[in-house]
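This is what each chain is made of:
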Amino acid sequence: MDYMMDNSQNTAPDSVNNVQSTKLSTAPRKQDTLSVTKRLQTELMQLMMSSAPGISAFPDADGNLLNWTGTITGPEGTYYDGLTFKLTFSFPNNYPYHPPTVLFKTPIYHPNVDFSGRICLDILKDKWSAVYNVQSVLLSLQSLLGEPNNASPLNGQAAELWDKDPVEYKRLMLARHRDLDEV
Amino acid sequence: MSGQRQGFRPPGTVFASSSTLPLAAASRPGVGHPPFSATGVFTSTAPQRHLNFRMPPLQTQTAEALATLQKLSNEYEPEIEGPLVGKRQSSQAITAEYQNADEIFVRKTAVLPQKYSHYRTVKGDGNCGWRAIAFSYFETLHRIGDKGRILEELTRLKSLNNLLNQAGFAEHLYEDFVQETLNLLSEIAYSLPTSSDDAGLLKAFNDPGISSAIITHFRLLTSAWMKTHVEAYQPFLLEDTVEQYCASQIEPYQVEIEHIGMNALIDALILPAGLAVEILYLDRSVGVEVNSHKFERMDASGAPLNPDAPTFRLLYRPGHYDILYKIEDVAALMSSPTNLQVAYATPVTYGTFQPVPVVPVSSDMSTYLEIPGMSTPFVPVTPSAMSPDTYTSPVSPALSTFSTTTLPLRPVGDIGGFRPSKYELEAEFHPSPMPNLPFQTPTFRNSHFNPAHFRNSDFQPEMWKPDTADSGRGHKDDSSRH
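Residues numbered from 1 in each chain as written. Chains lettered and ligands numbered in written order. Predicted model: local features only at pLDDT ≥ 70, side-chain atom pairs only at ≥ 80, totals over all residues. Heavy atoms only, no water.

- Chain B is annotated in an unreviewed UniProt entry as ubiquitinyl hydrolase 1 from Glutinoglossum americanum.
- The record held by UniProt for chain B lists under Catalytic activity (unreviewed entry) the comment "Thiol-dependent hydrolysis of ester, thioester, amide, peptide and isopeptide bonds formed by the C-terminal Gly of ubiquitin (a 76-residue protein attached to proteins as an intracellular targeting signal)." (UniProt positions renumbered as here; feature names shortened; annotations may be inferred.)

- Per an unreviewed UniProt entry, chain A carries the name Ubiquitin-conjugating enzyme E2 2 and comes from Glutinoglossum americanum.
- For the record of chain A, the UniProt heading Sequence similarities (unreviewed entry) holds the text "Belongs to the ubiquitin-conjugating enzyme family."

As structure tokens, this is what we get:
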């Protein structure tokens, strides 16, 4: 076509170049949320296939993959032996570069958790890195139940009683614990 | 994947807010935090965003409210302007930036552009050192322009997954990051040799998804390298083990690279690629020039194994890295024929003609015709083929309908920009700058842009004298009063 020929004559001499750079730049342009979704799907698969004892997690029923509910079981030989705890995960759009917000839903009496369920754990804050995931967070929290960091408590009373008065600790802990269905 | 808790955050919680803040700040160098007073109440300099939060009276503040504030504070990040990786620009800008600074900086930045003609800014978001290295790695490979070499790198980086596995990273967690690096490498490889500019690379690196993934990949590589070469790095760590250091300083996103991390990254990624890095340190140390340190492969005696290894350069100012270029590097980056033409054309069009296209064609062309020599530079096409009489300009068919007297000044195509044509200048053609443009129009002769009056021996600039000005006004006032 004449028009086409005309057109090609009038293009810049570096048009080849332009074509190349567009090709180079537009190829894998992922939306942020898209890669978050992909990553969370991978994590879900991994969680369902591995059988780590005492932990589980699943996206909420609302179809939003950015909100999950997790469960951990208190490890044997700790105050929390046999109790189950529910947690909520909410993932930011720039996950996994930034950590999810994790809260205890089940009321828990623990030196590093406050009465609103907020948790003080380094890997959920400044030590978060992109290779942590839901599973490693759940495992860390599970071990936190048995080994609190009493040096930086959110619940000062619990930190004090932990070693000093196991009986009182257990009493207060059980008094606070409620299975989520009863709440 | 290590499921173990890595130790705890030092004291600091919603109940002890004053101690939390500095820690959060320390973990993100370059990121400031709103000032807090001892009670946890924002001082008046708190940023706008926080002022929207209605502050209840101090006594009634619940733990909830404090927690909300704490959360806002933890998540606060100042808006940092600019692209993740900027365009290459003249390093005169650095000199200008420091012109009012300390004398040492002034001296050092004044001589910087002589050796390092260009630089590129990298966003200071806590990843700048990582980003600067990563970008330069890709750009240098692109500059070398050897497809085979890039594909070799691709293979090498793929095989480095073994290193990641060895360090205990789970493949399903790192594969997405690695994939972005491999994608970009293969795109560069297959864009050669036609793609000669940095537009594609710049665009990829300004895409947060791609950029973050590549940086994370390189962080993990560095961590894995350090963990598998403990003996080389442990002596530099005073308190931490290599494992702890990687967990707190290398792996977390937005933690700035330190010297030891830089070393490990260069050892793992740059040197095995046959590249070398030179870091220029701009600081207040004594000297007339920036200090430099070159990282390159050396034999046992400390002599460089390959002194001619392609080298890229970073400018380090305490807490921040940018990318520097030597003149010859920039020349190499712009050496393709298409760019050569642009290099000539830009000064020609902008130096002499910029005002021309903006003038509407219908306006008084005769003004321009009065300017002798105005037409000469405008026919830069094959000067040999051009004689004044048979001036059937080959510029374009449209223009050839103009006679010599109507001057082909009409803008064709884009107004204001450089309009590329299929004609190129001959290699030897150098337009002499302003050959004979005396600009002797009446308008110009009388304007203050005409410097001719300086040549007049009797020239005396008009001077403002405060006395006369004052007395004059006073006199005037007096007279008006009378």
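1. Section: the overall build of chain A
Here is step 1: Counting its regular elements, chain A contains six helices and four strands.
Here is step 2: In chain A, the succession of α and β elements from N to C terminus is α-α-α-β-β-β-β-α-α-α.
Here is step 3: Here chain A, with 183 residues, has 45% of them falling under the buried criterion.
Here is step 4: The contacts of chain A with a sequence gap of at least 6 include a subset with a gap of at least 24, amounting to 55%. (Helix = DSSP H or I, 4+ residues; strand = E, 2+ residues; numbered from the N terminus. Buried < 20%, exposed > 50% of the residue type's maximum accessible area, 1.4 Å probe, protein only. Contact = heavy atoms within 4.5 Å.)

2. Quick word on the environment of Ser50(A)
All names here are of chain A.
Here is step 1: Within the secondary structure, Ser 50 sits in the loop between helix H3 (32–49) and strand E1 (55–59).
Here is step 2: For Ser 50, a relative accessible area of 27% translates into the label partly exposed.
Here is step 3: When the C-alpha atoms of Ser 50 and Gln 135 are compared, they prove to be 9.7 Å apart, with 85 residues separating the residues in sequence.
Here is step 4: One polar contact links Ser 50 to Gln 135, side chain to side chain, over a distance of 3.4 Å. (Polar contact = N/O pair within 3.5 Å; in protein donor to acceptor, adjacent residues only side chain to side chain.)

3. Examining the UniProt feature "active site" (unreviewed entry) in chain A
Here is step 1: Within the UniProt annotation, "active site" (unreviewed entry) is assigned to Cys120(A).
Here is step 2: Among the secondary structure elements, Cys120(A) is positioned in the loop between strand E4 (101–104) and helix H4 (134–146).

4. Regarding the pairing of strand E2 (residues 118–122) of chain B
Residues and elements named next belong to chain B.
Here is step 1: Note that strand E1 (residues 85–90) and E2 share four bridges and pair antiparallel. Within E2, the position partnered with Arg 88 by the bridge is Arg 120.
Here is step 2: Alignment of E2 against strand E6 (residues 320–325), held across three bridges, turns out to be antiparallel. When the bridges of E6 are listed, His 118 appears paired with Tyr 325. (Pairing = 2+ DSSP bridges.)

5. Quick word on the sheet that holds E4(A)
Residues and elements named next belong to chain A.
Here is step 1: If you walk across this open sheet you meet the four strands as E1-E2-E3-E4, and the pairing is antiparallel. Of all the strands in the sheet, the pair left with one neighbour each is E1 and E4. Averaged over all pairs of adjacent strands, the angle between strand axes in this sheet comes to 20°, irrespective of strand direction.
Here is step 2: Where strand E2 (residues 67–73) lies against strand E3 (residues 84–90), seven bridges are found, and the strand directions are antiparallel. Residue Thr 73 lies in a different strand from E3, and its bridge partner there is Thr 84. (Axes fitted to C-alpha atoms, helices over the stretch in contact; angles between N-to-C directions.)

6. As for the packing of helix H7 (residues 147–159) of chain B against helix H9 (residues 171–191) of chain B
All names here are of chain B.
Here is step 1: Put simply, H7 and H9 touch, their axes get as near as 9 Å, and they point 165° apart. Considering their axes alone, H7 and H9 lie roughly antiparallel with respect to each other. As for how H7 packs across H9, the hand of that crossing is left-handed. On the side of H7, the interface is formed by Lys 147, Ile 150, Leu 151, Glu 153, Leu 154, Leu 157 and Lys 158, while H9 contributes Thr 181, Leu 182, Leu 185, Ser 186, Ile 188, Ala 189 and Tyr 190. (Parallel < 35°, antiparallel > 145°, perpendicular 65-115°, else oblique. Left-handed = near helix turned anticlockwise from the far one by under 90°.)

7. Looking at the environment of Thr71(A)
Residues and elements named next belong to chain A.
Here is step 1: Mapped onto the secondary structure, Thr 71 falls in strand E2.
Here is step 2: Take Thr 71: its relative accessible area is 18%, and that puts it in the buried class.
Here is step 3: A sequence separation of 17 residues divides Thr 71 from Thr 88, and the C-alpha atoms of the two residues are 8.9 Å apart.

8. Focus on the packing of aromatic side chains
Here is step 1: Per the counting criterion, the structure on display carries 21 aromatic pairs over all chains.
Here is step 2: Here the aromatic rings of Phe89(A) and Phe91(A) are separated by 6.1 Å at their centres, their planes lie at 20°, and the arrangement is stacked.
Here is step 3: Aromatic side chains Tyr97(A) and Phe177(B) sit 5.9 Å apart centroid to centroid with 45° between the ring planes, which places their arrangement in the tilted category. A residue pair is termed interchain when its members come from two chains, as with Tyr97(A) in the loop between E3 and E4 and Phe177(B) in helix H9. Phe177(B) carries the same exposure label as Tyr97(A), and that label is buried.
Here is step 4: Among the aromatic residues, ring-to-ring pairing joins Trp68(A), Phe89(A), Phe91(A), Tyr95(A), Trp128(A) and Tyr132(A) into one connected group.
Here is step 5: The ring of Tyr325(B) has Arg88(B) lying over it, and the distance from NZ or CZ to the ring centre is 5.3 Å. (Phe/Tyr/Trp six-rings, centres within 6.5 Å; stacked < 30°, edge-to-face > 60°. Lys NZ or Arg CZ within 6 Å of the ring centre and 35° of its normal.)

9. Description of the nonpolar core
Here is step 1: Counting residues in each nonpolar core, the largest one holds 74 residues, and the members touching the most others are Tyr137(B), Phe138(B), Phe218(B), Met226(B), Ile270(B) and Leu314(B).
Here is step 2: Sorting elements by how many residues they give to this core places helix H11 (residues 208–228) of chain B first, with 10 residues.
Here is step 3: In this structure Ile270(B) touches Ile133(B), Tyr137(B), Leu265(B), Leu275(B), Ala276(B), Val277(B) and Phe312(B), once residues within four positions along its chain are discounted.
Here is step 4: With 40 residues, the next largest nonpolar core counts Leu47(A), Ile72(A), Tyr132(A) and Val137(A) among its residues. (Core = buried A, V, L, I, M, F, W, Y, C linked by side-chain atoms within 4.5 Å.)

10. Topic: the side chain of Arg120(B)
Residues and elements named next belong to chain B.
Here is step 1: Summarising the element assignment, Arg 120 is placed in strand E2.
Here is step 2: One polar contact links the side chain of Arg 120 to the main-chain carbonyl oxygen of Gly 86, over a distance of 3.0 Å.
Here is step 3: For Arg 120, the residues in contact, after removing those within four places along its chain, are Val 85, Gly 86, Lys 87, Arg 88, Phe 135, Glu 139, Asp 198, Leu 202, Asp 322, Ile 323 and Tyr 325.

11. Description of the packing of H11(B) against helix H14 (residues 259–270) of chain B
All names here are of chain B.
Here is step 1: Running from N to C, H11 and H14 cross one another at 95°; their axes reach a closest spacing of 9 Å. Comparing the axis directions of H11 and H14 gives the class roughly perpendicular. Across the interface between the two elements, Phe 218, Leu 221, Thr 222, Trp 225 and Met 226 from H11 touch Ile 260, Gly 261, Ala 264, Leu 265, Asp 267, Ala 268 and Leu 269 from H14.
Here is step 2: Each residue belonging to the contact of H11 with H14 can be placed in one class, and the counts come to nine nonpolar, two polar and one charged. (Nonpolar A, V, L, I, M, F, W, Y, C, P; charged D, E, K, R; others polar.)

12. So, unusual backbone geometry
Here is step 1: A cis amide bond links Tyr95(A) to the next residue, Pro96(A), at an omega of 5°.
Here is step 2: With respect to the element layout, Pro96(A) can be found in the loop between E3 and E4.
Here is step 3: Backbone geometry at Gln254(B) places phi at a positive 70°, although glycine is not the residue there.
Here is step 4: Relative to the helices and strands, Gln254(B) resides in the loop between helix H13 (242–250) and H14.
Here is step 5: Given a relative accessible area of 9%, Gln254(B) falls into the buried group.

13. Section: the sheet that holds E6(B)
All names here are of chain B.
Here is step 1: One open sheet holds the six strands; their spatial order is E1-E2-E6-E5-E3-E4, and the pairing between them is mixed. This sheet does not close on itself; its edge strands, each paired only once, are E1 and strand E4 (291–295). Put simply, the sheet's adjacent strands are angled 25° from each other on average, direction ignored.
Here is step 2: Pairing between strand E3 (residues 276–281) and strand E5 (residues 311–317): six bridges, direction parallel. Its bridge partner being in E5, Tyr 281 is matched across the sheet by Tyr 316.
Here is step 3: The strands that H14 touches are E3, E4, E5 and E6; relative to E3, the one it contacts most, it runs at about 160°.

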